[in-house]
Amino acid sequence: MSALLSRRNQVQWLVLLAVAVLLPTASLLWFMTRVIGDERLVVKQKLAALYQDKLSDAATKTAALFRARLAALDKLKPGSNPYAALRQLVLDSDGQGLLIQADDGALLYPQTAGASGVDVHSDSLLGPAWQAEFAARQYASAAALYGKFTSARDPQMAIAAMTGRSRSLARLGRLDDAIAECQRAALRTSINDAGVPARVTLENARLLLLSLLKQAGQTPAHAALFNQTVRALMADLYNPAAEQPLLPANQNLFVARKTLDALQGPFVFDNPKARDDLKKLADAEELSIAAAEARPISPGVYDEFLKTALDRTPTYALRHRAPSSTLLVLLPESAVASGLGGFQQAFNGSETTYRILDAADDYVAGDLRPPGKPFTVAALPASFPGWTAELYFEGSDVFEKAAKRQIAVYIWTGGVVILMVLLVAALAARAVSRQIRLNRMKNDFIATVSHELKTPLASMRVLVDTLLEGNIRDEAQAQEYLRLTARENERLSRMIDNFLAFSRMERNKQAFSITEADPAEIVGDAVESLRAKHNSQQCHLAVDLSDPLPDIKADHDAIVTVLVNLLDNACKYTAEEKKEISLKVYREGGFVCFAVSDNGIGMARRHLNKIFDSFYQVDNSLARKVEGCGLGLSIVKFIVNAHRGAITVDSKPGVGSTFTVLLPTGHRNGD
Ligand code: ADP
């Protein structure tokens, strides 16, 4: 029952301890994970706040750049000549294309016409000549037929006739004549009022002249003529000042491309810048035509950068309502990037780097391969709908490192606290288990003490009762009974002495008066106090004192108790017959050794270091034969320790045991 109770007690204690450890540990771990999670957030927020100013600065600058761009667009004045606007946009700014809409929604630029190239009308006056040239392939008669109209008053007819004649002459192999004829047509200037068809014819004449010159081969005169013709073409193409009627965009582009083709060689054109400009303008016109066909921007969107659906490298569009018309400006990625120069200014040279993504999360500007992850992401001003600016640290993981360092501190602190909790718990567990063990021992003690006290008391009572009743044979028997009573009494006293010694020892109240003591006297007293018992139990005790022996530093009575206990045990744990006990006292170094040997039951090895514990008995059954309650050796050990001595035991089951007590010698003889 009590075992059951104590087990339940034990379980309760264990559960309590586990809760005491687990609860704070779990809360600490929970707290730590929260703190660690928050730490990254906190660092991020701190940095984000730090860079918020820079970001808004960048946004302000970007907005200013954007306003400047819009103001520049307002100045394009595309109403009169769209090429003036296109030229300005492409050559002076960073535009890549332009669409112009009238306020009524009609497309002003780029307008396209159905066909380009040589204007052939079979019903015109030149019909027979064309017939001869293209159908009959009779070039001589074609040349003659064209010749009739080369001086016509209608400039378009005159130019067409000269061009036709030139073509025919070239077919006849008269290249120089063909060039001379074509030159007359190509370098005419006064066709201003003649309208678009005349211009187309004139530009075609010029393109023909360029190809004739190519065929004729390089001479200084041809080179000069080539340059002159190209200049004449360029003066008309994309020329804002030209009084010429405007060609439809696709025809204009055709002429521009042909001109650029002619510039491929073998003649060297003397103005490469003009050639490059022409190339840019032709590209812009081509893109504008494509954009006009694709209608990429949803209506109603103004002053916002949007990606076009054009099949090109990312091209952005910006629709703006200029004073008298609406412009749709096509811009390359680089133009948009330079429009975001505010970011460049704000973040250049700092420890941060940035990247701008458009609404489709495509890269637009900034660091192409930024390091790590952005620590903050901000929206761009309204003109960049859905665009974002991401900020990164140059040193990639500066902030990650800072966060990690802080986290490491938390983890270490947490770890140390958990360790401490575990340590305290372990100490508490030890203390509790000791307490439990002690309790159990005390219970055992009470049971043993009652049992041990009962036996001598009962036998004394029987003896005394017999004597009182006078139920005895003779004086000798009375003497015998009295002697037995005295022995039981002595045994009882010794037992009570031991209990008291233990009790004092437990309360740490044992006070020893340590003086110079003579080992021989101690041995004499011990042997004397056991003589009666040993005699009655036929114990043969051999005492062997080596001579001379130094005094020891000891409490005489305490060491007598030590020897009495050891000698008593030797007698108790040896079988009835032939009890051979020896006590040898000798000097060894600074110690005097008291060795008590018996030829008794001995002990197994595993018991040897436990027998000095209080209440420990190898055979602890109540049914065991010998008296005792497991205190003798613990008292011995306590006394020996208090004397700064030592006790050793050597034992073999069935052979016997030897207990050796070593006590330090006194001053006088301690040399
Ligand atoms: P007890 O009162 O039981 O004798 P002790 O503390 O004197 O208690 O001894 C503890 C135990 O050690 C004994 O119960 C016994 O089992 C064992 N013991 C002590 N001395 C001897 C010995 N000389 N021979 C064999 N066993 C011994």
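Participant: Account for the overall build of the chain, with residues named and values stated.
Facilitator: Scanning the chain from terminus to terminus reveals 17 helices and 16 strands. Taken over C-alpha atoms, the radius of gyration comes to 62 Å for the chain, far larger than the 26 Å a tight globule of 671 residues would show. A principal-axis box enclosing the C-alpha atoms of the chain has dimensions of 190 × 50 × 50 Å. Taking all 671 residues of the chain together, the buried fraction comes to 44%. In the chain, of all internal contacts separated by at least 6 residues, the share reaching a separation of at least 24 is 68%.

Participant: Account for unusual backbone geometry, with residues named and values stated.
Facilitator: Comment: phi is negative for the bulk of residues other than glycine, and the bulk of peptide bonds are trans. With an omega of -5 degrees, the peptide bond between Y109 and P110 qualifies as cis. Tracing the backbone shows P110 in the loop between strand 2 (107–109) and helix 3 (127–136). Geometrically, the link from D547 to P548 is a cis peptide bond, its omega value of 0 degrees lying close to zero. Within the secondary structure layout, P548 lies in the loop between strand 11 (539–545) and strand 12 (552–554).

Participant: If you had to explain the sheet that holds strand 4 (residues 315–321) to someone new, which residues and values would you point to?
Facilitator: Read across the sheet, five strands follow the order 2-1-5-4-3 without closing on themselves; strand pairing throughout is antiparallel. If you trace the sheet from one side to the other, it starts and ends with strand 2 and strand 3 (305–307), each paired once. Direction aside, neighbouring strands of the sheet carry axes that sit 30 degrees apart on average. As paired elements, strand 1 (residues 97–101) and strand 5 (residues 326–332) share five bridges and run antiparallel to each other. Directly across from G97, in strand 5, lies its bridge partner L330. Sheet contacts for helix 2 (residues 82–92): strand 1, strand 2 and strand 5; angle to strand 1, the most-contacted strand, approximately 145 degrees. This element, helix 10 (residues 272–294), spans strand 1, strand 2, strand 4 and strand 5 of the sheet and lies at about 50 degrees to strand 1.

Participant: Can you break down helix 9 (residues 249–262) residue by residue, with the values?
Facilitator: Across its 14 residues, helix 9 extends 20 Å between first and last C-alpha, which sits within 8% of the 20 Å expected from 1.5 Å per residue. Regarding helix 9, the residues found buried are A249, Q251, N252, L253, V255, A256, T259, L260 and A262. Buried residues along helix 9 sit in contact with helix 2, strand 2, helix 7 (195–216), helix 8 (220–236) and helix 10.

Participant: Please provide a residue-by-residue account of the site of the ligand, values included.
Facilitator: Neighbouring the ligand are 20 residues; N569, Y573, D598, Q617 and L633 lie closest to it. Within the backbone of V618, a nitrogen or oxygen atom sits 3.3 Å from an oxygen atom of the ligand. Here S657 contributes a side-chain N or O atom positioned 3.4 Å from a nitrogen atom of the ligand. In the complex, the protein chains occlude 97% of the 530 Å² of accessible area that the ligand would expose alone. Put simply, the parts of the chain that give the shell around the ligand at least two residues each are helix 16 (556–572), helix 17 (632–642) and strand 16 (656–664). Of the residues belonging to the shell around the ligand, the class tally is ten nonpolar, seven polar and three charged.

Participant: Mind laying out the pairing of strand 14 (residues 591–597), listing which residues take part and the relevant values?
Facilitator: Among the seven residues of strand 14, six are classified as buried, and the element is accordingly described as predominantly covered. Examined bridge by bridge, strand 13 (residues 579–588) and strand 14 share seven bridges and lie antiparallel to one another. Its bridge partner lying in strand 14, K584 is registered against A595. Linking strand 13 to strand 14, which pair antiparallel, is a turn of two residues; within it G589 sits at a positive phi near 60 degrees.

Participant: Please give an account of the sheet that holds strand 9 (residues 388–393) that cites residues and values.
Facilitator: The strand order 7-6-9-8 describes an open sheet built from four strands, whose pairing is antiparallel. A strand with exactly one partner marks an edge of an open sheet, and here the two such strands are strand 7 (363–366) and strand 8 (376–379). Pairs of neighbouring strands in the sheet enclose a mean axial angle of 25 degrees, with direction left out of account. Here strand 6 (residues 352–357) pairs with strand 9 via six bridges, running antiparallel. Directly across from L357, in strand 9, lies its bridge partner T388.

Participant: I'd like to hear about the nonpolar core, residue by residue, with values.
Facilitator: In summary, soluble globular proteins display a tendency toward joint burial of nonpolar side chains. Core analysis: the largest hydrophobic core is formed by 85 residues, its most contacted members being Y238, I356 and W387. Looking at this core, you find at least three residues from each of domain 1 (2–50 + 399–468) and domain 2 (127–292). Ranked by size, the runner-up nonpolar core spans 51 residues in total, among them I522, A570, M603 and I611.

What counts as what
- Residues numbered from 1 in each chain as written.
- Predicted model: local features only at pLDDT ≥ 70, side-chain atom pairs only at ≥ 80, totals over all residues.
- Heavy atoms only, no water.
- Helix = DSSP H or I, 4+ residues; strand = E, 2+ residues; numbered from the N terminus.
- Rg over C-alpha atoms; globule rule 2.2 N^0.38 Å.
- Buried < 20%, exposed > 50% of the residue type's maximum accessible area, 1.4 Å probe, protein only.
- Contact = heavy atoms within 4.5 Å.
- Pairing = 2+ DSSP bridges.
- Axes fitted to C-alpha atoms, helices over the stretch in contact; angles between N-to-C directions.
- Expected span 1.5 Å × (residues − 1).
- Near = heavy atom within 4 Å.
- Polar contact = N/O pair within 3.5 Å; in protein donor to acceptor, adjacent residues only side chain to side chain.
- Areas by Shrake-Rupley, 256 points an atom, 1.4 Å probe, with all protein chains shown as cover.
- Nonpolar A, V, L, I, M, F, W, Y, C, P; charged D, E, K, R; others polar.
- Core = buried A, V, L, I, M, F, W, Y, C linked by side-chain atoms within 4.5 Å.
- Domains from an automatic or database assignment.

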